[in-house]
Amino acid sequence: QYLHAVAAALASLDAIFSLGTIAAEMSFVRPEISDESVVIVKQGRHPLQQLTVDNYVPNDILITESRNVALITGANGSGKSVYLKMVGVLVYLAHIGSWLPCEKATIGLTDRILTRIGSVETVSNPSSSFALDLSQIGKMLSCHTPRSLCLVDEFGKGTAPSDGLALLATIVMHFLQQEHKAKAIFVLHFTEILDERILGADLRSKLSLFKME
């Protein structure tokens, strides 16, 4: 019992030293933890992705209580998915006590991080990729709270374009409703969603719209 306690204490100490060492070597900064439901980061970096490329372009994150939903578009290979994962990683690191790879950060208390980033088909689960996507989104919509962070990457591609667009628009509208104020970021290729016949001007005014260059 005592050996287990000592081993646990040493493991925790090792983890803390590791986070501190990386923070010093990679110029991390101390985030501000806020009771508001926000994710505000200046010049954020993905701590692992930046180690694999010669040039990494930092990006800002701006999710607030009044603009809790962001839509991100851009060409293939422009970094949309890496950006989405960066948001999740930075929020997670802030909640385990780590400093963050950025110039400045304010992270709101978040109770869970829910993702629809990738579906892998396997013979052990006889479902199509679209069925798996729907399952992930269904779980996200049923268990998120106003303090959750929801990250959705390219949802709706596995079915007819009109059906995928309709489903995506409905999910975006869900997160824009007052009682479902979770922080949500969508990476998408359905730029048609911005048509006023799909999302009216009143809804688009509540969105943050970004394009990866």
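In what follows, the structure referred to is the one given above.
This write-up is about the structure you can find in this document. All values derive from a computational prediction rather than experimental measurement.

Quick notes on the rules
Throughout this document, residue positions are counted from 1 along each chain, in the order its sequence is written. Selection of residues for local features in this predicted model requires a pLDDT of at least 70, selection of side-chain atom pairs for listing and counting requires 80 or more, and totals for whole chains, interfaces and linings are taken over all residues. Calculation of side-chain values draws on the structure's entire complement of heavy atoms; hydrogens and water are dropped beforehand. Secondary structure is summarised from DSSP: a helix means a run of H or I of at least four residues, a strand means a run of E of at least two, and numbering begins at the N terminus for each. Pairs of N or O atoms are called polar contacts if they sit within 3.5 Å, as long as, within protein, a hydrogen donor faces a hydrogen acceptor (for residues adjacent in sequence, only side-chain-to-side-chain pairs). Contacts: residue pairs with any heavy atoms within 4.5 Å of one another. A pair of strands is labelled paired if DSSP reports no fewer than 2 bridges between them. Geometry is summarised by axes, namely lines fitted to C-alpha atoms with helices restricted to the contacting stretch, and by angles between N-to-C directions that run from 0 to 180 degrees.

With that out of the way, let us pick up the side chain of Q50. Along the chain, Q50 falls in the loop between β2 (39-44) and β3 (59-63). Separated by 3.0 Å, the side chains of Q50 and R45 make a polar contact. Once residues within four sequence positions are removed from consideration, Q50 is found in contact with M26, R45, Y56 and P101.

A few words on the sheet that holds strand β8 (residues 183-187). Across the sheet, which stays open at both edges, the 5 strands sit in the order β6-β7-β8-β4-β9 with parallel pairing between neighbours. A single partner strand is all that each edge strand has here, and the edge strands are β6 (113-116) and β9 (207-212). Each strand of the sheet is rotated relative to its neighbour by a mean of 15°, with strand direction disregarded. Sheet topology places β6 next to strand β7 (residues 149-153); 4 bridges connect them, and they run parallel. Bridge assignment links L114 to a residue of β7, and that residue is C150. Docked against the sheet, helix α3 (residues 129-143) engages β6 and β7, running at close to 155° with respect to β6. Running at roughly 160° to β8, helix α4 (residues 161-176) makes contact with β4 (69-74), β7, β8 and β9 of the sheet.

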